[in-house]
Structure formats: C-alpha cells, structure tokens
Amino acid sequence: MLRREPLNPPKYVYPVDEWRMVEKQYYPRFQAQMETLFSIGNGYLGMRGVCEEVMPCSENGTFINGFYESWPIVYGERAFGFATTGQTIVNVTDSKIIKLYVDDEPFSLSTANLISFERVLDMKAGTLNREVVWETASGKQVSIKSRRLISLEHRHLAAIEYEVTVLNAKAPVVISSEMENHKHTASKDNDPRKATGLKDRVLNPQVNFCEDSRILLAYVTNKSKIGLACGVEHQIETQCSYSYKSECSEDGGKVVYFVDAQPDVPIKLIKYISYHSAPGVNSVKELCTRAQITLDRAENLGFEAILASQKQYMDDFWHRSDIKVYGNPYDSDVTRTLELQQAIRFNLFQILQASGRVEGTGVPAKGLSGQAYEGQYFWDTEIYLLPFLIYTAPRTARNLLKFRYKILDKARQRARELNQKGALFPWRTINGEEASAYYAAGTAQYHINADIVYAIKKYVEVTGDTDFLYNEGVEILVETARLWVDLGFFQDEKFHIHGVTGPDEYTAVVNNNTYTNLMARENLWYAVQTVQALQKEDSEKFAALLHKTDFSVSEIEEWQKAADTMYLPYDENKGIHPQDDSFLSKKVWDFENTPKNKYPLLLNFHPLVIYRHQVIKQADVVLAMHLLGNEFSEEQKKRNFDYYDPLTTGDSSLSVCIQSILAFQLGYSQKAVEYAYFAVLMDLADIAGNTKDGCHMASMGGSWMVMVYGFAGMRDYNGKLSFNPRLPKGTKRLHFPLTIRSQRLEVDIRQEEVTYLLREGTELTIEHQNEEVHLQVGIPVCIKQKVPDFV
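These lines cover the structure that appears in this document, whether it is placed above or below. (Residues numbered from 1 in each chain as written. Predicted model: local features only at pLDDT ≥ 70, side-chain atom pairs only at ≥ 80, totals over all residues. Heavy atoms only, no water.)

The number of helices and strands found in the protein is 18 helices and 32 strands. Scored against the burial criterion, the 791 residues of the protein give a buried share of 65%. Between the mean site of the 86 positive side-chain charges and the mean site of the 102 negative ones, the protein shows a separation of 1 Å. (Helix = DSSP H or I, 4+ residues; strand = E, 2+ residues; numbered from the N terminus. Buried < 20%, exposed > 50% of the residue type's maximum accessible area, 1.4 Å probe, protein only. Lys, Arg positive; Asp, Glu negative; His and termini not counted. Charge placed at Lys NZ, Arg CZ, Asp CG, Glu CD.)

Dropping the structure here:
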C-alpha cells in the first residue's frame, strides 16, 4: 500500500524525452527536486544540479565518495558496545562556480528577464547542458550556453564549457570563474535521514596557490585526517579583446576575465576541474602533484576530446545495460510510454553516475546526489544495486565486493565489541566502522552479513569468478558463518537466532526473524560448500585460508548442523510464515484512522508505539520470497503476500519494487503494475516526497529488477537462469541484455513470443517456462509462450 500521491512536474515545463531530462523554463517550485535530478557524477565525484552562478539554489553540493568527517556520537546514556564515532560525507570545495556580469550587472536566474531557457541532462552524452537568452534592462540580449560533465574515463576530472555571446550590441563582459568552500550546515528539520551538521571547521587549509589561470587548494579534514587537493585550469577562446587576473585565499580563489564583447562574437571559457583525495595529513603534497597532472592532461586533450571519450563510455554503458520498453502497462498513451522509457533510463543512468568509477569504496544510499543518510553505505548495495551491476558491469560489482573485504578486519573488531566471534559488518558506514547510533534499527540488523554473502554467491554464479571467491570471498564466508553459529543456539533440536532486527525497521529486536534465519542458513550452506570445494581444488589457497583465519575443519560440521536445523517460523492456522516469533501476537496498525500526513510513521510516532503493532516499513518476508523464492511453495508465497502486503506502509523506497516482482509472479496484474510504476518513478515523480535530498539508489536498482525479475520473470536460483515472462497487457515488447560469464545474452519478449539470442560467447543453457533452451552464439531461438493469467 502506498499512502502518498505522485508529484509529477508539469509536462509543459518538463516534457518527456526518452533519452533526456528536459527543463523548458526556470521553474522555482521544483528547484530543490531538480537539483537532485540534474546531478552529475562518476562514482568518485558528484555535483548537484545547481547552476554555475550558484544562486538561486536550495542545497548546493559537491561530494567525493568516501571523503568524510568523523564526529563523536553523544548518548544521553551510553552502554557497552554502542557505536562511538559518526561519519558524514563532506560538501567539499565548490569548483563549478562561474559568475557573469554584463554592463556590470550580474546574471541571476531569479531576477533575469529570460527570453528563452532550456536545461538538459543528456543521458546519451553524459552531460548537463543549458542554453539561455537573457535580455538586460538596457535591451542587450545575451546568449549563455554551458556544458558540464564529470568524466567517466578520467576519474578525477570534471569540465565545463561556458559560452557567452552578446547578440545585439557591444558590452563590457566579466566572467568570474571561482572556487569556494561552503559551510557544512545541518538539516533544518528533525528528519533523521538527513545529514548531521558539524559545528567546527571541517576543511583545514594546507595549500593555496594560483599562477596564470590555474588555482590549486588543498585541505585536511579536522577529525578524520583525510587529505584533499582540488584545482582548476582555464582556456579562453574569443576574437574579442580581453584581460584577466587571478587570486586565491585559504577558502577560495578566482580567475576573472574582462572582455570587450562585440556583437555576435562568442566568448568561450573552458574550465577544467580536478579533485584528488587520500587518507593522511602527509598525503597533501602528493595529492597536489596528482591534481596538477590531471589538469595538465585535460589541457592537452582539450574539451572536445574529453567530451568524445564521455560519449564513447556512455555508448558502451547503454550497449551493456539498456532496457527498451515498447508500449505501456498503464494505458495506450504514447506520452506515458515515453515516460516509462525515460524513467527506466534515468534510473540506470543515475546508478552509473553513483558507481561507474567506484574504486575502494561503496555506493552511498543517495549516490553522490545529496548528503542524506550521511553519504553512508548500507545493505542497499548488495541487495538492490548489485543484481543490475553483476549482469551489466561485473567489474564494478567486483570492486564493490572487494570493498567489503577491505573492511573485514573492522568487521571482526566490531564482532568483538558485541561479544561475538567471527565478523559483523556495519549496518551503516563509510570507513568500515559502525556509524549507526540506534542499535535497535542498526547494529541489530545482523542480516547485513548474509546480504553480503548472498551478493558474493550471486556474483560468482553469474560471472564464474572463483578467483575472487577463493582469495577474498571465502574469508568473508568463514567469518560470517562463525558469527551466525556464535549468535544462535540449539533448542528442541532446532537452531534459533534471537535478538535481531530484520529488514523491516518498524519491528525491532525480535526472535527468529524469518528473513534473517533464511538468509543466515544460505550463508552457512554456502560457507560449507565453498570451504570444502577450496580444500579439494586448491591446497595452497586452503592453507592460506587456515593461516589467515585460524580456521579449523571441525567448524564445517557446526555450520552444516546449524543450517540444516535452522528454525523457520510457520503458523499452521494462517498458513503463513510469521515475520518473527511475536509478530502475529501484536495488534494490527490502525491504517484506516491514520491520516496521510502522518506518514512516514517514523517522523510522527515514537518507535515503541510502532514496535507494538503489526506494521511494516520495508518488505521483509516478501523480500525473502524474492531472494530465496525456491524455498517457498507458490501457495505459501500467495498466502504470505496476501497477509503482509496490506501491512506495508510504503514508508521505505525499498519495498515497492519487491512487492511488484512478487505480484507479477502471483498473477496480481493491477498491483504489479501499480507497484512497478511507483518503483520506476520513485524520484521523477517524487513518490517518497524527499527527492530533494538525493536520489533513491536502491529503488533505482529495484526498477531494473522490476523489469527483469518482474516483467521478464527471470529467476537465477543457485546459478540456474530461467524465464517466465509476464508482460502486462499494454506492454508490447521488452528487450534487454545480460552478461553471463563474459557472454552477452539478449532477451526480446513480446506478448506471445520470446527470442533469446546469444550475441557474444559460445553456448549457454537457460530455461523458458520450465523447459531447457540451448543457445549457440549468433543463432536466435524464438519460442511461442503461454500468455500468463492475471488477476
């Protein structure tokens, strides 16, 4: 159930385009939301979609993934094992600023007389473009064109092309290209999802340097001691006469161009921007050198070459990732069809911008489009983003899993802090340490361990990358298995796990959460399977494992026994799996008498009130039925879904995609389509009401899952790929690629026929509606399919 209405921006301002996000006029009402939607990034660096002139803006932001400040978590009453240090992504030096003055009058969107305006996020080119014609009070018309990009090929580089032309007169023009540190501000409301404000100075200056048209600034964070170097370089192209000067200080710098503009003669300024970061006070000198190298390379390449490499990168991305939808499940309106196509591509594009050049970090819950959730990493990555990345960008998926291995030692330490053996990964983190101050909905979510292992298993099954499994993955498997065996206990010949919180954060610290127990069992089984296989296949790596983990072969028997005897709650009277041991004994939330303005509940009711009721924030048992659907009968799925779906509030953006997938499988067409719509348009239609704070990355990954696991009916249990397509009535065709063990499979689904084509590779065996299909490279296989029954 969803209790908020979509907020669709007007089409005359934001017309639908399947490859572009278009804004046809300056429209302040949606400014905050558009700053998120027009964000650009590459997984390392991100900039919110604020204009070059900066003002007007709702929340400006430039972010580097993994660049954070730490701060002590203050408790009214501290207890043993509580997290001690918070981490917040830093809004770093803003280097995109370009201010324009004509006849000494400043250009500002909020006051300018705009003859024309268009802003475009071009998802094919990977650029943010704007074209404006401004008429000054004296009647001079000024064309202002800009193109902004953050390079996907060159990880530390951004660039802006800014062109000014006075169309109908001569005029003195001043272009001021600036860098500035913005104060790190706190949220103005009490929404716990927003970033923490830091009172003290965050960036301590180390270097400020300017020479000719180059500026270089360097800092070290106050507490976390991370170094940052940022620099800008400029090129100007014009037939007009000009002069310039540069200056800098600890917190900023500027290069100012004074131009005698002639009628209809362009003034083009190219601004190259570089950011480099690394831990340690002593890293600053090296970072400055690296920033200089990046700027030198950019100058030598030129803007057009950087633009071309961006387009080439995007072409490759869409070749691997594009989902093409023909027709619309909602109605026959062509605009709605384009809206769906645009939304899917927008979501995939934003995932790329959040993950494309992730190296040594995770993916923040909001990507690099906002500071909400402190820029921290959650389970979202493994459960919602990695399915897309595993099948389209396996190298990126590997990088993200290697980040989990990188923080394994801190996970071991965290387990000791909670009096446990093995390793416990942090619920929310940037540097590997637990940053969740509220243990009931944070640390108690032990399922994070199993979520990571689930992702490792899927990654290895789809890619065949046993090198990662036997070098890094197996160590994670051993330590997480140890945690589960130590956390649980045997009673009445069953293995129980008490005092945990499942995915649903409206039900906390319970016994035998069904999702947790199922996922822990999968974790334990996979640990047994992998360790035994390694022992047989590679004695050298097995010996290394023994050395690194002090592993004893006798542990395998414990893991196997715990998994085989795992207790799974089941209510015979209702014929459902209770979410946990006590869930069904609670009173059902009074949905009928809860007004819409009281959602999300977490902002309007004390946690204890919520915990006393049957009410769900995130899909819990329903999520288990998606991830481990082979563990449930169809009848169990139906009964569970029918029971839990009405209890699910929609207060989390993580739920509707999963609800849609299950609804498709169960034949609930109307619900499936409705939930799919909410998932795909989560940000473009501001479904959750907080798009202004940043993109919902998990839901964006979920939109790919809806198309592939929902519409296409794909399942990949234990590495076995199968399809049972369930296209809604109005959808005429669905086409998408998958990368499976370095082979490219193209799936082309129509209402009554499906075509499978192994475009690259040698051979592949899949299943279609329970029948094996053998594919040879280059030979399409067309299958007439049974049209599914929908309720």
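Turning to the pattern of salt bridges, a few remarks are in order. Considering all chains together, one arrives at 51 salt bridges under this definition. Between Arg130 and Glu53 there is a salt bridge whose closest N-O contact spans 2.8 Å. Residue Arg130 is located in strand S10 (residues 127–135), and its partner Glu53 is located in the loop between strand S4 (45–47) and strand S5 (62–72); the two are separated by 77 residues in the primary sequence. According to the relative accessible area criterion, Glu53 is buried, its value standing at 6%. Between Glu304 and Arg147 there is a salt bridge; the shortest N-O distance is 3.4 Å. Linking Glu304 in helix H3 (residues 303–321) with Arg147 in strand S11 (residues 141–150), this pair joins segments that are 157 residues apart in sequence. With a relative accessible area of 47%, Glu304 lands in the partly exposed category. When its relative accessible area of 26% is taken as the criterion, Arg147 is described as partly exposed. Residues participating in the shared-partner salt-bridge network are Asp409, Arg412, Glu475, Glu479, Arg482, Lys548 and Glu555. (Salt bridge = Lys/Arg side-chain N within 4 Å of Asp/Glu carboxyl O.)

Taken as a whole, this structure holds 30 aromatic pairs when the rule is applied. Here the aromatic rings of Phe107 and Trp134 are separated by 5.1 Å at their centres, their planes lie at 50°, and the arrangement is tilted. Note that Phe107 is positioned in the loop between strand S8 (105–106) and strand S9 (113–122) and Trp134 in strand S10, a separation of 27 residues in sequence. Accessibility expressed as a relative area gives 4% for Phe107, which makes it buried. Since its relative accessible area comes to 5%, Trp134 is described here as buried. Residues Phe723 and Tyr756 carry aromatic rings whose centres are separated by 5.4 Å and whose planes lie at 45° to one another, so their mutual orientation is tilted. (Phe/Tyr/Trp six-rings, centres within 6.5 Å; stacked < 30°, edge-to-face > 60°.)

With that out of the way, let us pick up the side chain of His696. Tracing the chain through its elements places His696 in the loop between helix H17 (669–680) and helix H18 (697–711). A polar side-chain atom of His696 sits 2.8 Å from a polar atom in the side chain of Asp683. Ignoring any residue separated from it by four or fewer positions in sequence, one finds His696 in contact with Ala365, Lys366, Ser653, Met682, Asp683, Ala688, Asn690 and Thr691. (Polar contact = N/O pair within 3.5 Å; in protein donor to acceptor, adjacent residues only side chain to side chain. Contact = heavy atoms within 4.5 Å.)

Within this structure, the stated rule accounts for zero disulfides. With no disulfide partner, Cys657 has as its closest neighbouring cysteine sulfur the one in Cys695, 15 Å distant. (Disulfide = S-S within 2.5 Å.)

Quick look at empty space enclosed by the protein now. Within the structure shown, the criterion is met by seven cavities of 30 Å³ or more. Of the pockets and cavities examined, the largest cavity occupies roughly 180 Å³. Residue lining of the largest cavity: 14 residues in total, with Pro9, Lys11, Tyr14, Gln342 and Leu684 positioned closest to the centre. Grouping the constituent residues of the lining of the largest cavity by class yields 10 nonpolar, two polar and two charged. The computed volume of the second largest cavity comes to approximately 130 Å³. Along its surface, the second largest cavity is lined by 14 residues, and Tyr26, Gln31, Gly49, Leu109 and Arg119 are the ones closest to its centre. Breaking the lining of the second largest cavity down by element, the ones donating at least two residues are helix H1 (31–37) and S9. For the lining of the second largest cavity, the element with the most residues is H1, which contributes three residues. The residue inventory of the lining of the second largest cavity, partitioned by class, reads eight nonpolar, two polar and four charged. (1 Å grid on protein atoms, 1.4 Å probe; cavity = no way out; pocket = protein on both sides within 12 Å on 5 of 7 lines; lining within 4 Å. Points joined across faces, edges and corners; volume = space filled by probe spheres on them. Nonpolar A, V, L, I, M, F, W, Y, C, P; charged D, E, K, R; others polar.)

Over its 13 residues, helix H5 (residues 380–392) runs 18 Å from end to end, which matches the ideal 18 Å to within 8%, given 1.5 Å per residue. Helix geometry: H5 is bent most strongly at Leu386, by close to 55°, with proline Pro387 lying one to four residues after it. (Expected span 1.5 Å × (residues − 1). Bend = angle between axes of the 7 residues up to and from the residue.)

This brings us to the environment of Glu163. Structurally, the position occupied by Glu163 is in strand S12 (residues 157–166). A C-alpha to C-alpha distance of 9.2 Å links Glu163 and Glu237, two positions 74 residues apart in sequence. For Glu163, the contacting residues outside a window of four places in its chain are Ser143, Ile144, Lys145, Pro266, Ile267 and Lys268.

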